[in-house]
Amino acid sequence: GSQTVSVLDVHSNALVGVINGNTLAQFSTPRALAQSIDGRYLFVGNSSAKSLSVIDLQSMILMKNIEVAGNGISHMSYHHGVEGGQLIIGYGNGSNTSDAVSLLNAEVAVSQSHVSLQELNSGGYTTGLAFDDDSGFLYLSQQSNNRLIVIDVMNNSIVNVVNNLQSPTVTTLS
């Protein structure tokens, strides 16, 4: 898989830089991205490894990899409503296995060498996720189970399940 991440300026469509792996950390098929609220850090989910990469966008350097559970990161979102920010990580490699969704404090991910993740068991392969900062609800689409699950992240509880959907693969809020 790819070993680089390209950074673009979305206003000018210009390539700002290409970030390569180094002796401290490597990318392994980077797939999911989330940026910190202050724009300083980019979190990259590696789908071919059980790791999350942290990039300092000011210096354009890959700082480190954080080992995570699951089958490789497939989806990620950033929750601004928690002090320090919170990464919401969905795992899966397309094998329709039961994969958890993890929560990780973004500030801790940047500053600590070892981190622990809070896991939410969603009971199915997550094909898309979106977080609503206003309600604190996480929306997970599960193609293997033809459903959308709504999770109250603060209480770690499922508040609603929408069944009988036709293979949902993407979740977005508007």
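First, a word on scope: everything that follows refers to the structure included in this document. Being a predicted model, the structure only gives us computed values, none of them experimental.

Within the protein chain, the regular secondary structure consists of one helix and 14 strands. In the protein chain, which comprises 174 residues, the share counted as buried stands at 45%. In the protein chain, of all internal contacts separated by at least 6 residues, the share reaching a separation of at least 24 is 36%. Summing over all exposed atoms, the protein chain offers an accessible surface of approximately 8800 Å²; the carbon and sulfur share of this is 46%.

Below, the discussion takes up a nonpolar patch on the surface. Taken together, the side chains of Leu 8, Leu 15 and Val 18 present a nonpolar region at the surface, about 290 Å² in accessible area. Residue placement: Val 18 occurs in strand 2 (residues 14-20).

On to the sheet that holds strand 4 (residues 41-46), then. Overall, antiparallel pairing links the four strands, which are arranged 3-4-5-6 in an open sheet. If you trace the sheet from one side to the other, it starts and ends with strand 3 (30-35) and strand 6 (61-67), each paired once. Strand-to-strand twist in this sheet, taken as the mean axis angle between neighbours without regard to direction, amounts to 25 degrees. Pairing of strand 3 with strand 4 involves five bridges; the strand directions are antiparallel. Its bridge partner being in strand 4, Leu 33 is matched across the sheet by Val 44.

Two orientations exist for strands paired in a sheet by backbone hydrogen bonds: parallel and antiparallel. Strand order across the open sheet formed by four strands is 11-12-13-14, with antiparallel pairing between neighbours. If you trace the sheet from one side to the other, it starts and ends with strand 11 (128-132) and strand 14 (157-162), each paired once. Taken over all neighbouring pairs, the strand axes of this sheet differ in orientation by 20 degrees on average, direction set aside.

Approximately 200 Å³ is the volume attributed to the largest pocket. Contributions of two or more residues to the lining of the largest pocket are made by strand 1 (4-9) and strand 3. At four residues, the largest contribution of residues to the lining of the largest pocket is made by strand 1. A breakdown of the residues in the lining of the largest pocket according to their chemical character gives seven nonpolar, two polar and no charged.

Calculation criteria
- Residues numbered from 1 in each chain as written.
- Predicted model: local features only at pLDDT ≥ 70, side-chain atom pairs only at ≥ 80, totals over all residues.
- Heavy atoms only, no water.
- Helix = DSSP H or I, 4+ residues; strand = E, 2+ residues; numbered from the N terminus.
- Buried < 20%, exposed > 50% of the residue type's maximum accessible area, 1.4 Å probe, protein only.
- Contact = heavy atoms within 4.5 Å.
- Areas by Shrake-Rupley, 256 points an atom, 1.4 Å probe, with all protein chains shown as cover.
- Patch = residues over 30% accessible without salt bridge, like charges linked within 9 Å, V, L, I, M, F, W, Y side chains within 5 Å.
- Salt bridge = Lys/Arg side-chain N within 4 Å of Asp/Glu carboxyl O.
- Pairing = 2+ DSSP bridges.
- Axes fitted to C-alpha atoms, helices over the stretch in contact; angles between N-to-C directions.
- 1 Å grid on protein atoms, 1.4 Å probe; cavity = no way out; pocket = protein on both sides within 12 Å on 5 of 7 lines; lining within 4 Å.
- Points joined across faces, edges and corners; volume = space filled by probe spheres on them.
- Nonpolar A, V, L, I, M, F, W, Y, C, P; charged D, E, K, R; others polar.

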